[in-house]
Amino acid sequence: MGSKNVLLIFKSNIMYKPVIYRLAKDFDLIFNILEAKILPKKEGRILLELKGSENTIDEGIKFLEQNHVVVELLSDKVWLEEEKCVNCGACTGLCPTDALSMKRPEMTVSFDVQKCIACGMCGLVCPFGAMRDITLFDPFAEGRSNSK
Amino acid sequence: MSEFKINKTFAEINKKIRDGSVVVVNAEEMIGVTNELGPIEAARKVDVVTTGTFGIMCSSGAFLNFGHSIPRIKANKVFINRVEAYAGVAAVDCYLGATQTREDDPLNKVFPGRFRYGGGHVIEDLVSGKKVKLEAFGYGTDCYPNLRHEAEMTLKEFPDAWLLNPRNGYQNYNCALNLSKKTIYTYMGILRPDATNANYSTSGQLSPLLNDPYYKTIGLGSRIFLGGGVGHIIGNGTQHNPNAKRSENGVVMGGAGTLSVKGDLKQMSPKFLRGASITGYGCSLNVGIGVPIPILNEEMALFTSVSDDQILAPIVDYGLDYPQGAGGPLDYVSYAELKTGEINFRGQQVITSPLASYSMALEIADILKDWIKSGQFLLGEPQDTFPSVPFSGFNSIK
């Protein structure tokens, strides 16, 4: 059983069309809504955890894309920039899901994107700006692929 | 007759550094050495223990001489990348403080402010070799007629650039939590209400002054690792207070001793000098410091083998007590407990996170160890000691 966190962007032309229920119905995927936001008439964004076999997750994502949903992997949207991180650990006490945690006894910070719900807390607390693009619901967030 | 069985001098240890026979361990390794051999044999075997710390140190800054312009200027206002540096000294000298904010920074007007660029960031940019924009304004004198001088400069082009920090390396510090009913944004990080989380900020058993609690070997003239280069301790820091409460092992139970340090910025590296933006509080600078401690006798072996479970930090409420300058420690907690990520406070589980990087502190201690082993870094014998308090000695050194 695999798990992937994805950001779904529903552009205005499809934003009121029911699509997600079919992930369960047709693909037997377990989905868990981590966060959602609708900008009326403009765009809807959902942060979704998908659970199932690797294969069906991929098929489910393909299905969403065929239905004109923009699918972005959270791991491409949120990441820890290692050159900026000093492994202080200031973020670890505020991360609500332990996606950021201290590795002991080395006392280094590790980031597990599969636990991340893109709440943005780490971006607020990190003194060095090491957590990138955690504001998923900011339409101007660029994502890793466009950043360099 | 010395009270100790082992007696070494700085000169003897430096001789060993020169001939390559010196034995150096970091302060974490020293715990094991002393446990295994006992303090006397540990002192016989080990010559130097290296310490390290890497954390936000607000009382830091750069003393810069930017060179004379043509015609000359007596600057009375200086900005570097639009961050003001204090210019009330000689013509082209200035002091750029780590927490100085940029001229157009919105500060906390939209709360909490993000403080994205300030003095600490300018210092990081300088040591990274980046070009900075210097603007100097004068009022014109017969000897210094120029009213305005602008230049794009890199660190190399400053005739002199020192890191000059009035207070660094606090010997122990508060563990901060928040007993109020709203989230607060402090220099000790973001603290949620009702003591939901707690932050602490020293490298504990690796921290310089916690390994020499009575300042017996650390003093004015100690040669140190500073920001990736070689620097010196130039005295005790501001707010140095040896009279702080101490536990039986002599370790202070709160902020006590401090260091004032100086070093050539041109030797330093952005890895160990990092500009910091602390949401809701301001800008600052993360400074990496490593201090070597000579094991002159078995007492120093015992001091340097202090471990996290023997060092207590005071728990302080930053919701009401600290800002009002009222109240005192609510309780004490050991660094060993703090490092587990959770402490018990008044029957409640509280999440803890560090603000100083232990892994970087260890890296600094190990770099310093390598410098000493390679023979290139000799110990500086203090020319003066810090104010201290008497120590009655360990009850039994066996």
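Residues numbered from 1 in each chain as written. Chains lettered and ligands numbered in written order. Predicted model: local features only at pLDDT ≥ 70, side-chain atom pairs only at ≥ 80, totals over all residues.

What about the overall build of chain A?
Across its full length, chain A holds five helices and eight strands. What you see in chain A, going N to C, is helices and strands ordered as β-α-β-β-α-β-α-β-β-β-α-β-α. Counting all 148 residues of chain A, 36% fall into the buried class. Here the analysis covers contacts within chain A between residues at least 6 apart in sequence; of these, 64% occur between residues at least 24 apart. (Helix = DSSP H or I, 4+ residues; strand = E, 2+ residues; numbered from the N terminus. Buried ≥ 20, exposed ≤ 12 C-beta atoms within 10 Å, placed from the backbone. Contact = placed C-beta atoms within 7 Å.)

A closer look at the interface of chain B and chain A
Each partner contributes to the interface: chain B provides 23 residues, whereas chain A provides 16 residues. Considered class by class, the residues forming the side of chain B that touches chain A number eleven nonpolar, eleven polar and one charged. (Nonpolar A, V, L, I, M, F, W, Y, C, P; charged D, E, K, R; others polar.)

What about the pairing of strand 7 (residues 108–111) of chain A?
All names here are of chain A. Only one face of strand 7 is buried, namely the one carrying V109 and F111, since none of T108 and S110 on the opposite face is buried. Bridge count between strand 6 (residues 100–103) and strand 7: four bridges; the pairing is antiparallel. In the sheet register, M102 faces strand 7, and the bridge partner there is V109. (Pairing = 2+ DSSP bridges.)

Some points on the domain arrangement of chain A
All names here are of chain A. Partitioning chain A into domains gives domain 1 (2–75) and domain 2 (78–140). The C-alpha centroid of domain 2 is placed 24 Å from the C-alpha centroid of domain 1. Residue-level contacts link eleven residues of domain 1 with nine residues of domain 2. Elements supplying a minimum of two residues to the side of domain 1 that touches domain 2: strand 1 (2–11), strand 2 (30–39), strand 3 (43–52) and helix 3 (74–77). The class makeup of the residues in the side of domain 1 that touches domain 2 is four nonpolar, three polar and four charged. (Domains from an automatic or database assignment.)

As for the sheet that holds strand 2 (residues 48–50) of chain B
Residues and elements named next belong to chain B. Ordered in space as 1-2-21, the three strands form an open sheet in which the pairing is mixed. A single partner strand is all that each edge strand has here, and the edge strands are strand 1 (24–26) and strand 21 (292–294). Adjacent strand axes in the sheet meet at a mean angle of 25 degrees when their direction is disregarded. Of the pairings in the sheet, the one linking strand 1 to strand 2 comprises three bridges and is parallel in character. Paired with N26 across the bridge in strand 2 is T50. Helix-sheet contacts for helix 2 (residues 27–45) involve strand 1 and strand 2, and the interaxial angle to strand 1 is about 105 degrees. (Axes fitted to C-alpha atoms, helices over the stretch in contact; angles between N-to-C directions.)

Some points on the domain arrangement of chain B
All names here are of chain B. Each assigned domain of chain B is listed here: domain 1 (10–57 + 164–384) and domain 2 (61–163). For domain 1 versus domain 2, the distance between C-alpha centres works out to 30 Å. Contacts between the two partners involve 26 residues from domain 1, matched on the other side by 26 residues from domain 2. Looking at the side of domain 1 that touches domain 2, the element that brings in the most residues is strand 19 (residues 273–278), giving six residues. Residues of the side of domain 1 that touches domain 2, tallied by class, amount to eleven nonpolar, eleven polar and four charged.

Remarks on the environment of B:S207
Residues and elements named next belong to chain B. Looking at the secondary structure, you find S207 in the loop between strand 14 (197–200) and strand 15 (219–220). S207 sits in the buried class, given 27 other C-beta atoms within 10 Å. Distance in space between the C-alpha atoms of S207 and G52 is 5.5 Å, their sequence separation being 155 residues. Excluding anything up to four places from it in sequence, S207 contacts T51, T53 and T202.

Description of unusual backbone geometry
Among all residues save glycine, negative phi is the norm, and among peptide bonds the norm is trans. In this structure, A:P105 follows A:R104 across a cis peptide bond, with omega equal to 5 degrees. Relative to the helices and strands, A:P105 is located in the loop between strand 6 and strand 7. Between B:I70 and B:P71 the backbone carries a cis peptide bond, its omega angle lying at -10 degrees. Inspection of the secondary structure assignment puts B:P71 in the loop between strand 4 (61–65) and strand 5 (75–80). Despite not being glycine, B:Q239 shows a phi value in the positive range, around 60 degrees. Within the chain, B:R346 stands out as a residue other than glycine whose phi angle is a positive 50 degrees.

Section: helix 7 (residues 358–373) of chain B
In this model helix 7 of chain B runs 22 Å from its N-terminal to its C-terminal C-alpha over 16 residues, within 8% of the 22 Å that 1.5 Å per residue would give. Looking one or two residues beyond helix 7 of chain B, the residue adopting positive phi is B:G375, at roughly 85 degrees. (Expected span 1.5 Å × (residues − 1).)

Some words on the sheet that holds strand 25 (residues 348–354) of chain B
Residue and element names in this part refer to chain B. In spatial order, the strands read 23-22-11-14-25-24; together these six strands make up an open sheet with mixed pairing. Each end of this open sheet is capped by a strand with a single partner; those strands are strand 23 (331–334) and strand 24 (342–345). With direction set aside, neighbouring strand axes in the sheet form an average angle of 35 degrees. One ladder, built from three bridges, connects strand 11 (residues 175–177) with strand 22 (residues 312–317); its direction is parallel. Bridging across to strand 22, A176 finds its partner in V316.

A short note on the nonpolar core
Grouped together as the largest cluster of nonpolar side chains are 153 residues, with contacts concentrated most on A:C91, B:V46, B:I80, B:L96, B:I123, B:C175 and B:A361. Top contributing element to this core by residue count: helix 7 of chain B, with nine residues. (Core = buried A, V, L, I, M, F, W, Y, C linked by C-beta atoms within 7 Å.)

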